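Read off the chains here:
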Amino acid sequence: WLVVLGSFLVHSFVFAPTEYIFGIFEHHYLTIFPESSPSSIAFVGSVGSAVTYLAGFLAGIVADRFGFRLTAMTGSVIMTVALILASFSTQVWHLYLTQGVLFGIGASLTYYPAIAAPSHYFSRKRGLATGIAVSGVGAGGLILAPLTDSLIGHFDIYWTLRILAFICFLEASITEDKSFFEALKVFKDPQFLSLSIAELAASIGFLIPLYYMQTYAVFIGLSQEKGALILGLTSGASLAGRVLLGVISDYVPNSYALLFCSWATALAIVILWTIARSFGMLLLSGLIFGFFGGGYLSLVPVAVADSFGTMQMASTIGLMYAAAGFGMLAGAPLAGFLLD
């Protein structure tokens, strides 16, 4: 359970600056860099998120080879440095390199040990343990979204980045050993390829609500603070979904739960967000998206552990999530291009 706690703390921060609170950065970066378009700003977070996943093919193998704890701690240091460097950015391309590429590399080294670790210690309650661990993302978003918005209001976005860098310095996990070429053998498995294609498809649309929900809230006449609140509550719903659906996956076939979460997440956006013209409807869209989207993310590692075992789980998840990196890189900037 201490390993689950460590994984929870890692998850609470590792995706926040590039995904779950990036909508707040998107809104403020457009003010700081008025010559930039929504798509060019969205590319900052998309690059960070995409690199986190794309580097997974290497980060997972490094974690299995050199140990989870050392890999995660190294990644934490890189993330901290990236946010500090981002706080001195004077042009958007500086953010691409710092909050984007460098933070993504650090996040990748930290994330894959954290997502793999709980499955090494649980079998009967694997869904519950993984659900609690990955619910850290929702908890982090729930706390960090309003906190980040408040910090920017009281200080500025640059000092906010430095404070977030300080918060980043709280992570650790375990150890193991496998070779690079042995890890690559999983590509021969049709089930692995199927899951990888599913991850690619899901990742294309996943970041769009997180990046543009606050911007859309302002567009329909809500205040900036209400937009940040919706984003934070969406993360809170993600926290609940990750835990509850993780528990459910211990009692029902994982594939059924994954499929249901996929449809519910899509319908929350295709139907509810499309007709949202008020605080209540936009919040409902965000809550359903967060709950079932978070559940989906908690179920994937359980599916990997059940299907392929835990002996080189960080490598397997890293290789599979690398496919998602291409979708992350394309989705939000494409949405920004359409918005432009």
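Residues numbered from 1 in each chain as written. Predicted model: local features only at pLDDT ≥ 70, side-chain atom pairs only at ≥ 80, totals over all residues. Heavy atoms only, no water.

You'll find the chain entered in an unreviewed UniProt entry as MFS general substrate transporter, with Linnemannia elongata AG-77 given as the organism. The UniProt entry for the chain carries the following comment under Sequence similarities (unreviewed entry): "Belongs to the major facilitator superfamily. Monocarboxylate porter (TC 2.A.1.13) family." Listed in UniProt under the heading Subcellular location (unreviewed entry), the comment for the chain reads: "Membrane". (UniProt positions renumbered as here; feature names shortened; annotations may be inferred.)

(A) Spatial organisation of the overall build of the chain. Of regular secondary structure, the chain possesses 16 helices and 0 strands. The C-alpha atoms of the chain give 18 Å as radius of gyration, which agrees with the globular expectation for 340 residues (20 Å, within 12%). The C-alpha extent of the chain, read off along each of the three principal axes, is 50 × 40 × 35 Å. A total of 340 residues make up the chain; the buried ones form 58% of that total. Considering only residue pairs separated by 6 or more positions, the chain has 85% of its internal contacts joining residues 24 or more positions apart. (Helix = DSSP H or I, 4+ residues; strand = E, 2+ residues; numbered from the N terminus. Rg over C-alpha atoms; globule rule 2.2 N^0.38 Å. Buried < 20%, exposed > 50% of the residue type's maximum accessible area, 1.4 Å probe, protein only. Contact = heavy atoms within 4.5 Å.)

(B) Region of interest: the nonpolar core. Membership of the largest hydrophobic core comes to 89 residues, with the highest contact counts inside it found for Phe25, Tyr29, Tyr112, Phe206, Tyr211, Leu282 and Tyr321. The element contributing the most residues to this core is helix H15 (residues 279-308), with 11 residues. (Core = buried A, V, L, I, M, F, W, Y, C linked by side-chain atoms within 4.5 Å.)

(C) Seen up close, the packing of helix H3 (residues 22-32) against helix H4 (residues 38-54). Here H3 crosses H4 at 140°, and the two axes come no closer than 10 Å. In terms of orientation, H3 lies oblique with respect to H4. H3 and H4 meet at a crossing whose hand is right-handed. Across the interface between the two elements, Phe22, Glu26, Tyr29 and Leu30 of H3 pack against Pro38, Ile41, Ala42, Val44 and Gly45 of H4. Taken together, the residues that form the contact of H3 with H4 break down as 7 nonpolar, 1 polar and 1 charged. (Axes fitted to C-alpha atoms, helices over the stretch in contact; angles between N-to-C directions. Parallel < 35°, antiparallel > 145°, perpendicular 65-115°, else oblique. Left-handed = near helix turned anticlockwise from the far one by under 90°. Nonpolar A, V, L, I, M, F, W, Y, C, P; charged D, E, K, R; others polar.)

(D) Quick look at the packing of aromatic side chains. Summed over all chains, the structure comprises 15 aromatic pairs. Aromatic side chains Trp1 and Phe122 sit 4.8 Å apart centroid to centroid with 65° between the ring planes, which places their arrangement in the edge-to-face category. On the criterion of sequence distance, the pair formed by Trp1 in the segment before helix H1 (2-14) and Phe122 in the loop between helix H7 (92-116) and helix H8 (126-134) is long-range, its members being 121 residues apart. Since its relative accessible area comes to 14%, Phe122 is described here as buried. When the centroid spacing of 4.8 Å and the interplanar angle of 50° are considered together, the rings of Phe22 and Tyr211 count as tilted. Residue Phe22 is located in helix H3, and its partner Tyr211 is located in helix H12 (residues 190-219); the two are separated by 189 residues in the primary sequence. Tyr211 gets classed as buried once you look at its relative accessible area, which sits at 0%. Each residue in the set Phe22, Phe25, Tyr29, Phe33 and Tyr211 is aromatic and connected to the rest through ring pairs, giving one cluster. The cationic tip of Arg162 hangs over the ring face of Trp159; the distance from NZ or CZ to the ring centre is 4.7 Å. Its guanidinium or amino end placed over the ring of Phe279, Lys226 lies 5.6 Å from that ring's centre, counting from NZ or CZ. (Phe/Tyr/Trp six-rings, centres within 6.5 Å; stacked < 30°, edge-to-face > 60°. Lys NZ or Arg CZ within 6 Å of the ring centre and 35° of its normal.)

(E) Structural view of a nonpolar patch on the surface. Judged by side-chain polarity, Leu142, Ile143, Leu147, Phe166, Ile167, Leu229, Leu233 and Leu287 come together as a nonpolar surface patch covering roughly 680 Å² of accessible area. For the nonpolar patch, the secondary-structure elements that each account for two or more residues are helix H9 (136-154), helix H10 (157-167) and helix H13 (224-248). Within the element layout of this structure, Ile143 appears in helix H9. (Patch = residues over 30% accessible without salt bridge, like charges linked within 9 Å, V, L, I, M, F, W, Y side chains within 5 Å. Areas by Shrake-Rupley, 256 points an atom, 1.4 Å probe, with all protein chains shown as cover. Salt bridge = Lys/Arg side-chain N within 4 Å of Asp/Glu carboxyl O.)

(F) Representation of H10 in the model. Of all the positions in H10, only Ile157, Thr160, Leu161, Leu164 and Ala165 are classed as buried. Along H10, the residues classed as buried sweep out an arc of 145° about the axis, all on the same side. Buried residues belonging to H10 abut H1, H3, helix H6 (68-86), H7 and H9. For H10, the side-chain oxygen to backbone nitrogen distance between the N-cap and Tyr158 is 3.0 Å, and the N-cap itself is Asp156. (Arc of directions from axis to C-beta. Polar contact = N/O pair within 3.5 Å; in protein donor to acceptor, adjacent residues only side chain to side chain.)

(G) Highlighting the environment of Tyr96. Relative to the helices and strands, Tyr96 resides in helix H7. Taking the C-alpha atoms as reference, Tyr96 lies 15 Å from Ile78; in sequence the two are 18 residues apart. Leave out the neighbours within four places in its chain, and Tyr96 touches Ser40, Phe43, Val44, Val47 and Val101.

(H) Spatial organisation of the environment of Tyr211. Between the C-alpha atoms of Tyr211 and Ser238, which are 27 residues apart in sequence, the distance is 15 Å. A polar contact is formed between the side chain of Tyr211 and the backbone oxygen of Thr18, at a distance of 2.4 Å. Among the polar contacts made by the side chain of Tyr211, one reaches the main-chain carbonyl oxygen of Gly45 at a distance of 3.0 Å.

(I) Structural detail: the environment of Ile288. Its place among the elements puts Ile288 in helix H15. On a C-alpha basis, the gap between Ile288 and Ala268 in space is 6.0 Å, while along the polypeptide they are 20 residues apart. The residues contacting Ile288, other than those within four sequence positions of it, are Ala264, Ala268, Leu272 and Gly293.

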